[in-house]
Amino acid sequence: MLTFLTAVVGLGQAGAVEPLHPVPSPRQLAWHRLRTYAFVHFGPNTFTGEEWGHGTERPETFHPRRLDCRQWVRTFQRAGLKGVIITAKHHDGFCLWPSKFSSHTVAQSRWRRGKGDVLRDLSEACRAEGLKFGVYLSPWDRNHPTYGSPQYNDVFVSMLREVLTGYGPVFEVWFDGANGEGPNGKRQVYDWPRFVQTVRECQPEAVIFSDAGPDVRWVGNEQGFASDPNWATLNRERFEPGKADQNELTLGHEGGKDWVPAECDVSIRPGWFWRASEDGKVKSLEDLMSIYYGSVGQGASLLLNVPPNADGRISEPDVARLVEFRKRLDAEFSKPLRPIRVFGESVPGYEAENVTDEREESFGASSQARNGSVELELTKGSAFNRVALAEPVQLGQRVRRFQIDIWDGAAWREIYVGDTIGPHRILRLARQETDRVRVSVLDARDRPLLSEVRLFLAPPAKV
Ligand code: FUL
């Protein structure tokens, strides 16, 4: 792979444009492109109002009368979400599929006379509607009698195999770091290497999330905000799931040896699970927009939780808000400015114009070793209030400081200074009127490469 990249990328000026390691794996690159996808917390808690079920709930507690996974998936699709990750098993140990390795599952419930399987319904709905399917499987289990013994690791691996081999392709496997005592008051020593190996074996294209990766890391908060800087790199050997430095999870680690980008998980409601009392507390459109700019806009991915109700459907207030959210996003990015000219000192073959051509693979490379700039000439009287930037992260993350200026007729005026760019950076700014914009990389870990510099004029918030 390395030789291939060097051969193709180094065209014209040998050694000028080479990967800066670490770089994302193919499965991580595919995941970066999704940007937004849904989280679904569903299970006995949906019926009891608990956030952390005790594991002692009777299986009959679970009785969604009108479960309709197509309705969930269509809603997510209308919202532009590209996939869904479901709590196949939350901390209470209840399995939403008829696992052979537990007696606390849908098979013991009265729902569909014990013949139902939520994972089957959801994975089929995803396939029908073209969304990706992912699973959350809580290692912490407050029900399973073997919890706290080496035998539980076997149980967990067997459950993993069931969910990873029975429902088609899985794009992400989510391992929760929350970890308490089991039903017998015991704590579990998890066999993480075996869990990871099982996922690799059954679903080689799935990314694995936990606080500490290996493929995707937690952003360190549940509010949906990444930070600036946000490095996609980390030194993973210092961490293990459930035991990671929260600050470092938020910032990443500049120069870290491993590619472990951040994911922002946040709920559209106060709780992760649905409860009737929160129907009036669905996040506002303004909140969702701030979350979008705070996560995707900061180079992270957004995992937005939308919990189905006790009927087994996404409630009306959530559906309405998601549709509004999509409409607003479409409106904000519907008017890209077409520059008259794009220029900057670049490596031959990696010209500055590549940053505006809307092709993800093409990029501009600065002729300078650690800095550079690209200038966009616009038609007279142009205005914008959003800037989308991106680095071609298949060659690593480089930018550590950038600045945006506009020409005010007599001089350059600074309108924004930031740290990292990464796979995507989207800035929400006040309206700027100008016919020249300059994006400068002030400092980078290696030759700066940019794959995107695009300007948009979002309509005023209330129209
Ligand atoms: C946490 C869990 O304890 C919450 O219940 C929820 O699932 C959240 C996404 O992760 O660690």
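Residues numbered from 1 in each chain as written. Predicted model: local features only at pLDDT ≥ 70, side-chain atom pairs only at ≥ 80, totals over all residues. Heavy atoms only, no water.

This brings us to the side chain of Glu129. Tracing the backbone through its elements, the reader meets Glu129 in helix 5 (residues 118-129). We classify Glu129 as buried; its relative accessible area is 16%. Setting aside its immediate chain neighbours within four residues, Glu129 contacts Arg70, Val73, Arg74 and Gln77. (Helix = DSSP H or I, 4+ residues; strand = E, 2+ residues; numbered from the N terminus. Buried < 20%, exposed > 50% of the residue type's maximum accessible area, 1.4 Å probe, protein only. Contact = heavy atoms within 4.5 Å.)

Quick reminder: α-helices carry 3.6 residues per turn. Residues three or four places apart thus point the same way. The terminal C-alpha atoms of helix 10 (residues 316-332), which comprises 17 residues, lie 24 Å apart, in line with the 24 Å expected from a rise of 1.5 Å per residue. Within helix 10, burial applies to Asp318, Val319, Leu322, Phe325, Arg328, Leu329 and Glu332. Against helix 4 (69-78), helix 9 (285-295), strand 10 (301-305), strand 14 (383-390) and strand 20 (452-456) lie the buried residues of helix 10. (Expected span 1.5 Å × (residues − 1).)

With that settled, consider the pattern of salt bridges. On inspection of all chains with the given rule, the structure shows 39 salt bridges. With its nearest N and O atoms 3.4 Å apart, the salt bridge here joins Asp68 to Arg313. With Asp68 in the loop between helix 3 (45-48) and helix 4 and Arg313 in the loop between strand 10 and helix 10, this residue pair connects regions lying 245 residues apart in the sequence. Residue Asp68 is classed as partly exposed on the basis of its relative accessible area of 25%. Residue Arg313 is classed as partly exposed on the basis of its relative accessible area of 23%. (Salt bridge = Lys/Arg side-chain N within 4 Å of Asp/Glu carboxyl O.)

A few words on the domain arrangement of the protein chain. The domain boundaries assigned to the protein chain delineate domain 1 (4-21 + 337-456) and domain 2 (35-332). Distance between the C-alpha centres of domain 1 and domain 2: 35 Å. With 18 residues of domain 1 at the contact, the number on the domain 2 side is 19 residues. Roughly 1,700 Å² is buried in total at the junction of domain 1 and domain 2, and carbon and sulfur atoms are behind 49% of that figure. At the junction of domain 1 with domain 2, the criterion picks out four salt bridges. Among the salt bridges present, the one from Arg425 reaches Asp228, with a minimum N-O distance of 3.3 Å. The interface formed by domain 1 and domain 2 includes 15 residue pairs in polar contact (both at pLDDT 80 or more). Sorting elements by how many residues they give to the side of domain 1 that touches domain 2 places strand 17 (residues 425-433) first, with three residues. Taken together, the residues of the side of domain 1 that touches domain 2 break down into six nonpolar, five polar and seven charged. (Domains from an automatic or database assignment. Buried area = accessible area lost by both parts, 1.4 Å probe. Polar contact = N/O pair within 3.5 Å; in protein donor to acceptor, adjacent residues only side chain to side chain. Nonpolar A, V, L, I, M, F, W, Y, C, P; charged D, E, K, R; others polar.)

Okay, the site of the ligand next. Taken together, Phe39, His41, Trp52, His90, His91, Tyr136, Trp174, Asp176, Ala178, Glu222, Asp265 and Trp272 form the complete shell of residues around the ligand. The side chain of His41 places a nitrogen or oxygen atom 2.7 Å from an oxygen atom of the ligand. Contacts to the ligand include Asp176, whose side-chain N or O atom sits 2.6 Å from an oxygen atom. When isolated, the ligand has an accessible area of 290 Å², and the protein chains bury 91% of it. By residue class, the composition of the shell around the ligand is six nonpolar, three polar and three charged. (Near = heavy atom within 4 Å. Areas by Shrake-Rupley, 256 points an atom, 1.4 Å probe, with all protein chains shown as cover.)

Under the counting rule described, the total for this entry stands at 30 aromatic pairs. Pairing Trp174 with Phe209 gives two aromatic rings, centres 4.0 Å apart and planes at 10°, and the pair type is stacked. In this pair, Trp174 is assigned in strand 4 (residues 172-174) and Phe209 in strand 5 (residues 207-209), connecting sequence segments 35 residues apart. Of the two residues examined, Trp174 and Phe209, each falls in the buried class. Members of the aromatic cluster, each reached through a chain of ring pairs, are Tyr147, Tyr152, Phe156, Phe175, Tyr190, Trp192 and Phe195. The ring of Trp407 is capped by Arg436, whose NZ or CZ atom sits 4.7 Å from the centre of that ring. (Phe/Tyr/Trp six-rings, centres within 6.5 Å; stacked < 30°, edge-to-face > 60°. Lys NZ or Arg CZ within 6 Å of the ring centre and 35° of its normal.)

On to the state of the cysteines. Put plainly, a disulfide is one covalent bond tying together the sulfur atoms of two cysteines. Enumeration over the complete set of coordinates arrives at zero disulfides. The structure places no disulfide on Cys95, whose sulfur is separated from the nearest cysteine sulfur, that of Cys202, by 16 Å. (Disulfide = S-S within 2.5 Å.)

Read across the sheet, eight strands follow the order 5-4-3-2-1-10-9-6 without closing on themselves; strand pairing throughout is parallel. Two strands in the sheet have a free side with no partner beyond their single neighbour: strand 5 and strand 6 (217-218). Here strand 4 pairs with strand 5 via three bridges, running parallel. Note that in strand 5 the partner of Val173 across the bridge is Ile208. Against the sheet, helix 6 (residues 150-165) touches strand 2 (83-89), strand 3 (132-137) and strand 4, its axis set at about 165° to strand 3. (Pairing = 2+ DSSP bridges. Axes fitted to C-alpha atoms, helices over the stretch in contact; angles between N-to-C directions.)

One key point about sheets: their strands pair by backbone hydrogen bonds, in either a parallel or an antiparallel sense. One open sheet accounts for five strands, arranged 11-13-18-15-16; its pairing is antiparallel. Because the sheet does not close on itself, it has two edges, and the strands there are strand 11 (341-343) and strand 16 (412-418). The mean angle between the axes of side-by-side strands here comes to 15°, regardless of whether they run parallel or antiparallel. Judged from the six bridges that link them, strand 13 (residues 372-377) and strand 18 (residues 436-444) form a sheet pairing that is antiparallel. If you follow Glu377 over to strand 18, its bridge partner there is Arg436.

To continue, consider empty space enclosed by the protein. Within this structure, the stated rule accounts for four cavities of 30 Å³ or more. There is about 140 Å³ of room inside the largest cavity. Gly364, Ser366, Ser373, Val374 and Leu450 are, among the 15 residues lining the largest cavity, the residues nearest its centre. Elements represented by at least two residues in the lining of the largest cavity include exactly strand 12 (364-365), strand 13 and strand 19 (449-450). It is strand 13 that provides the largest number of residues to the lining of the largest cavity, a total of three residues. Looking at side-chain class alone, the lining of the largest cavity contains eight nonpolar, six polar and one charged residues. (1 Å grid on protein atoms, 1.4 Å probe; cavity = no way out; pocket = protein on both sides within 12 Å on 5 of 7 lines; lining within 4 Å. Points joined across faces, edges and corners; volume = space filled by probe spheres on them.)

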